[in-house]
Amino acid sequence: MSNPQPFEVFGIRYARHEGWPIPVYFERTSGRDTMVMDFFCWVAIGPERTVFIDTGFDADEGRFRGHEFLRCPADTLSELGADTTRATDLVLTHLHYDHAGNLDKFPSATLHLQEKEIAFVTGRRMNTRNFRRAYQSDHIELVLRAIYDRRATLYDGDSEITPGLSIHRVGGHTMGMQVVRVFTKRGWVALASDAIHYYEELERSVPWTNAVDIDEMIHAHDILRDIAESTDHIVAAHDPKVLRQYPAPTADLEGFAVRLDVEPRAG
Ligand SMILES: [Zn+2]
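Definitions and limits used
- Residues numbered from 1 in each chain as written.
- Predicted model: local features only at pLDDT ≥ 70, side-chain atom pairs only at ≥ 80, totals over all residues.
- Helix = DSSP H or I, 4+ residues; strand = E, 2+ residues; numbered from the N terminus.
- Rg over C-alpha atoms; globule rule 2.2 N^0.38 Å.
- Buried ≥ 20, exposed ≤ 12 C-beta atoms within 10 Å, placed from the backbone.
- Contact = placed C-beta atoms within 7 Å.
- Core = buried A, V, L, I, M, F, W, Y, C linked by C-beta atoms within 7 Å.
- Pairing = 2+ DSSP bridges.
- Axes fitted to C-alpha atoms, helices over the stretch in contact; angles between N-to-C directions.

1. Section: the overall build of the protein chain
Per the secondary structure count, the protein chain includes eight helices and 13 strands. In summary, the protein chain has a C-alpha radius of gyration of 17 Å against a globular reference of 18 Å for 267 residues, a match within 12%. Over its C-alpha atoms, taken along the principal directions, the protein chain stretches across nearly 50 × 45 × 35 Å. The buried share of the protein chain, reckoned over its 267 residues, is 46%. Partitioning the contacts of the protein chain with sequence separation of at least 6, the portion at a separation of at least 24 is 67%.

The following block contains the structure:
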């Protein structure tokens, strides 16, 4: 079978947080007890379809959570030629506050998400602060409205969105956590989203602190290795390494966007 048409893939860095406490399963090398967290969303631009993947949060949410907000992701996306106001397809990997904000900037997009995530965020576990606090009810409201407006496709498992781009439910971090596999000129890239926050999770087979199912979270690493061309083709969601390893698409976007369809440099 011939390969699909390659997508151009970009990571959009819209916020950061210095001084994030080292998670419980991570190694405390050289006496560090905090680290830097970057916040990304992504876009895959194909010859026929542009698929947005997650939406970040806005300046107010950043203030509320104590993060440094760098730039509205929709502005960076439109500089890359991906106008969110005309978006047709938006994959939400999960509904945590840093992945599902700004939905008002995607008024016509069809949302692609796992039914289990909706069940989780509207179910009894939201009585538990530890699970609830990673969500923002304003975001969930807009997702529910999109479902009622018939602008959402809910999945139970894996699916091809368009030739060269598919979603894969992995669970673990949240009930409906899904990752994206996308064909590029360097082969199949896996956008892990929060299935791995930092590469250390994959390298040492350790889970992130916030999880609904640690066994599924570790199994997600196997799925990522399976769907990506190589481990160099797996992209973590919050690791500052991403910015060091991949080039900016233009000088103006230095620090705000990276090209993920080229080989990473050592970093
Ligand atoms: Zn998350």
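2. Some points on the nonpolar core
Ranked by size, the top nonpolar core spans 72 residues in total, and within it Ile 12, Ile 53, Ala 190, Leu 191, Ala 192 and Leu 224 carry the most contacts. Looking at this core element by element, the count peaks at six residues for strand S2 (residues 34–45). In this structure Leu 224 touches Val 179, Ala 190, Ala 192, Ala 195 and Ile 234, once residues within four positions along its chain are discounted.

3. Some words on the sheet that holds strand S11 (residues 187–193)
Reading across the sheet, the five strands line up as S8-S9-S10-S11-S12 and stay open at both edges, with mixed pairing between neighbours. Where the open sheet ends on each side, the last strands, each with one partner, are strand S8 (159–162) and strand S12 (234–236). The mean inter-strand angle of the sheet, taken between neighbouring strand axes irrespective of direction, is 25°. Here five bridges tie strand S10 (residues 178–184) to S11, and the two strands are oriented antiparallel to one another. Paired with Val 182 across the strands is Val 189, a residue of S11.

4. Description of the environment of Gly 19
Structurally, Gly 19 is set in strand S1 (residues 8–21). Judged by C-beta crowding, with 10 C-beta atoms within 10 Å, Gly 19 ranks as exposed. For the pair Gly 19 and Val 36, spaced 17 residues apart in the sequence, the C-alpha separation amounts to 6.0 Å.

5. With respect to the pairing of S1
Pairing of S1 with S2, which is carried by 11 bridges, proceeds in the antiparallel orientation. Opposite Glu 8, over in S2, you have Ile 45 as the bridge partner. One ladder, built from three bridges, connects S1 with strand S13 (residues 257–259); its direction is antiparallel. Bridge assignment links Gly 11 to a residue of S13, and that residue is Val 258.

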